[in-house]
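Architecture and fold: a report
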Amino acid sequence: MALLEIRNVTRRFGDFVAVDGVTLSIEAGEFFCLLGPSGCGKTTLLRMIAGFDLPNGGSIWLDGRDMSGVPPEKRNVHTVFQSYALFPHMTVADNVAFPLRMARTSAAEVEARVAEALEDVSLTGLALRYPNELSGGQRQRVAVARALISRPKLLLLDEPLAALDAKLKERMQLELIALQKEVGIAFIYVTHDQQEALALAHRIAVMNLGRVEQTDEPSKIYGFPKNRFVADFIGTCNILDANVVRIEGGRMQLHIDGLGEVVALQTGAVAAGTKGVLALRPEQVAISQRLASDVHENHFAGTVFDFLYLGDVTVYVVELPNGSRVEAMLPNSAPGRAKFFEAGDRVEISWRIDAGRFLTE
Amino acid sequence: MTSRRLNTWLISGPPLLYLVVFFAVPTLIMVLASFRYPGEFGGLAPLVQRGEQGQLVVNLTLENYQRFFSDPLYAELFVKSFWYAVVTTVLCLVIAYPLAVLIARSHKRHRDLLLLLVILPFWSNFLIRVYAWMIILGPQSVFAGALNAGFRLFGFGPVRLLFTPFAVVIGLVYVHLPFMVLPLYANLEKHDPALLDAAQDLGANAWQRFWRVTFPLSLPGVFAGAALVFIPAFGIFAIPDLLGGTSGIMIGNVIKQQFLDTRDWPFGSVLSMVLTVVAVGLAGLAAWYARRARAMA
């Protein structure tokens, strides 16, 4: 049995359904991400796991025990809050010692374990500081050390890196991955940042409007999105409306409105005439002045409408003769090379037939 | 003078002037009066006088202070008043704290109404409200009747409520309660609710959450409220006058007597000076504690 079982959990606030029949199971030692836009219900779900909120329907099981009626202080689950919620009137050491003192641990043991916990997050020299004397990254580490010191079964993290700048965020992500591996405690990490989820998680549940859209490993979520929402929310994606014209030998011929016929690999049991979208990652679209024709590729000519220079890559928005636009990404691997094309340049784009993914919902 | 400094003076000038005229000058007059002789028919004897040989004599003396320190009666009254003020402060704190927590945690829509109810008594005259207590505590009142009927069941004789130290404390607590509620509310309202969630999440029960998180963080409010209650309660005379009778007399009553009945202004000034020094000393101590508590928060 999984460490945490969420069974058909629903939470309504008046007419609004914040969490709508969610079923998930999280294994011991897993780094699990709940990913979704704000208002998708991920924080409500987290609060129900912690015990601050109760489901209107369904049940939550931790380690084979039904958690209904178990208050937060009695659940073997700790939370790292978005604001960290460090106690401002306590030193770093007292903050970290708090859960042990609540559990009436002996003073000698508290001292030893606090010292050990502070060492784990490299805060040894700051034990006697107050939270207002710490930097954002240090506060985050105190919050994590405090939540882990009494060895919970499960650690919940509510967008703990949202307040940090990009550089520090990346460093803290690496630290969290290392720490999670070391302590072996299951993490449930809530975020709206898809890159963060891809970088951190063993598995991701993508949520939208209170429901789980897809639960999978990061590479599956990115490479094989189940539906239009997941494809669009994770990374950037060209979403082209398409109709199935013909299916033949594992391939399908699609008609894309205003663009023409393209070929894609068959996904699922779809019949000719099905409406859907073709999801295509910009990095899968090749762009060049002149491309050799190839039967394994879909091929179009167009003009550069605009481009975004992002340092490592440049994203070109290519306008096709019928007015539809497709984004293509090109690495700027040559030093000093800022861009290859200017707006207005005539270019050709192509993508392999196994690159695009036809989605029906 | 730069315009910035001019602005500073324009803004701080009027309140500064007010404090000098209505606080500093009267205090200095009081200090001086405490070293002067009483006049023959009350008030103060002339400060400068022609002596027998026609020379100028400045009439200053330490006699008033000697009188204060040689008669333990006054020190005892100070100590008694101090304990009345302490009991009042503690009772106000115990009553006001849950009230302030309730207001701070109630829905925003109801908060203003609840705060209005706290300050509503200020809308009627202080003396009228104390007279109301004389009626409530008086022997003919329904309250006293019910209480004594209850006592009779357990075999107690009838108990007098009015003109006792008990009545004084009731009056003191009643009058000063809003001064404790408001600073406590102002402090509690600022607490981050996530801190209580975090404490609960980390295993603290309701009792531990209060004593480990809410209460220590509210200490600046506790000290501010305690100072606002303790200092006026220490020197008050109206409430012991009306509710205390002879047994409930406080140092404020003696000071009032010295000025209005005995008309011994110098000795009244001495008592006022001692009261001021003690009150300022205690307030300073409270402010120091509050600052220390805030430095940590």
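The helix and strand tally for chain B stands at 12 helices and two strands. Along chain B, helices and strands appear, N-terminal first, in the series α-β-β-α-α-α-α-α-α-α-α-α-α-α. For chain B, whose C-alpha radius of gyration is 24 Å, the value lies well above the compact-globule estimate of 19 Å for 297 residues. With respect to the principal axes defined by its C-alpha atoms, chain B has extents near 85 × 75 × 35 Å. Within chain B, buried positions represent 29% of all 297 residues. For chain B, the share of sequence-separated contacts (at least 6 apart) that also reach a separation of at least 24 residues comes to 72%.

Here the focus is the interface of chain B and chain A. Taken together, the 17 residues of chain B in the interface contact 18 residues of chain A. The element contributing the most residues to the side of chain B that touches chain A is helix H8 (residues 193-201) of chain B, with six residues. Residue composition of the side of chain B that touches chain A, grouped by class: 10 nonpolar, four polar and three charged.

Residues and elements named next belong to chain B. Contact geometry for H8 and helix H9 (residues 206-235): axes closest at 10 Å, N-to-C directions at 135 degrees. Considering the angle they form, H8 stands oblique to H9. H9 is crossed by H8, and the crossing has right-handed handedness. Across the interface between the two elements, Leu195, Leu196, Ala199 and Gln200 of H8 pack against Arg209, Arg212 and Val213 of H9. Split by residue class, the contact of H8 with H9 holds four nonpolar, one polar and two charged.

Let us look at helix H4 (residues 108-119) of chain B. The terminal C-alpha atoms of H4(B) lie 18 Å apart, and with 12 residues this matches the ideal 16 Å at 1.5 Å per residue to within 8%. Counted residue by residue, H4(B) has zero buried out of 12 residues, so it is predominantly exposed.

Let us now look at the pairing of strand E9 (residues 203-208) of chain A. Residue and element names in this part refer to chain A. Both strand E3 (residues 31-35) and E9 contribute to a ladder of four bridges, which runs parallel. By the bridge assignment for E9, Phe32 is matched with Arg203. Where E9 meets strand E10 (residues 211-216), five bridges bridge the pair, whose relative direction is antiparallel. Bridging across to E10, Met207 finds its partner in Val212.

All names here are of chain A. The five strands lie next to each other as E15-E19-E16-E17-E18, forming an open sheet whose pairing is antiparallel. Where the open sheet ends on each side, the last strands, each with one partner, are strand E15 (286-288) and strand E18 (325-331). Each adjacent strand pair in this sheet contributes to an overall mean axis angle of 45 degrees, direction not counted. The sheet contact formed by strand E16 (residues 297-309) and strand E19 (residues 346-352) spans seven bridges and is antiparallel.

All names here are of chain A. Even without glycine at this site, Arg151 takes up a positive phi of about 50 degrees. Topologically, Arg151 is positioned in the loop between helix H4 (136-148) and strand E7 (154-158). Overall, Arg151 belongs to the partly exposed group, with 13 C-beta atoms counted inside 10 Å. You will see that Leu209, though not glycine, has its phi angle at about 50 degrees, which is positive. With respect to the helices and strands, Leu209 occurs in the loop between E9 and E10.

This part is about helix H11 (residues 251-260) of chain B. Here H11(B) has its buried residues at Ile251(B), Gly252(B), Val254(B), Ile255(B) and Gln258(B). All buried residues of H11(B) fall inside an arc of 160 degrees around its axis, so they share one side.

Procedures and definitions
Residues numbered from 1 in each chain as written. Chains lettered and ligands numbered in written order. Predicted model: local features only at pLDDT ≥ 70, side-chain atom pairs only at ≥ 80, totals over all residues. Helix = DSSP H or I, 4+ residues; strand = E, 2+ residues; numbered from the N terminus. Rg over C-alpha atoms; globule rule 2.2 N^0.38 Å. Buried ≥ 20, exposed ≤ 12 C-beta atoms within 10 Å, placed from the backbone. Contact = placed C-beta atoms within 7 Å. Nonpolar A, V, L, I, M, F, W, Y, C, P; charged D, E, K, R; others polar. Axes fitted to C-alpha atoms, helices over the stretch in contact; angles between N-to-C directions. Parallel < 35°, antiparallel > 145°, perpendicular 65-115°, else oblique. Left-handed = near helix turned anticlockwise from the far one by under 90°. Expected span 1.5 Å × (residues − 1). Pairing = 2+ DSSP bridges. Arc of directions from axis to C-beta.

Purely geometric stuff here, so don't read any function into it on its own.
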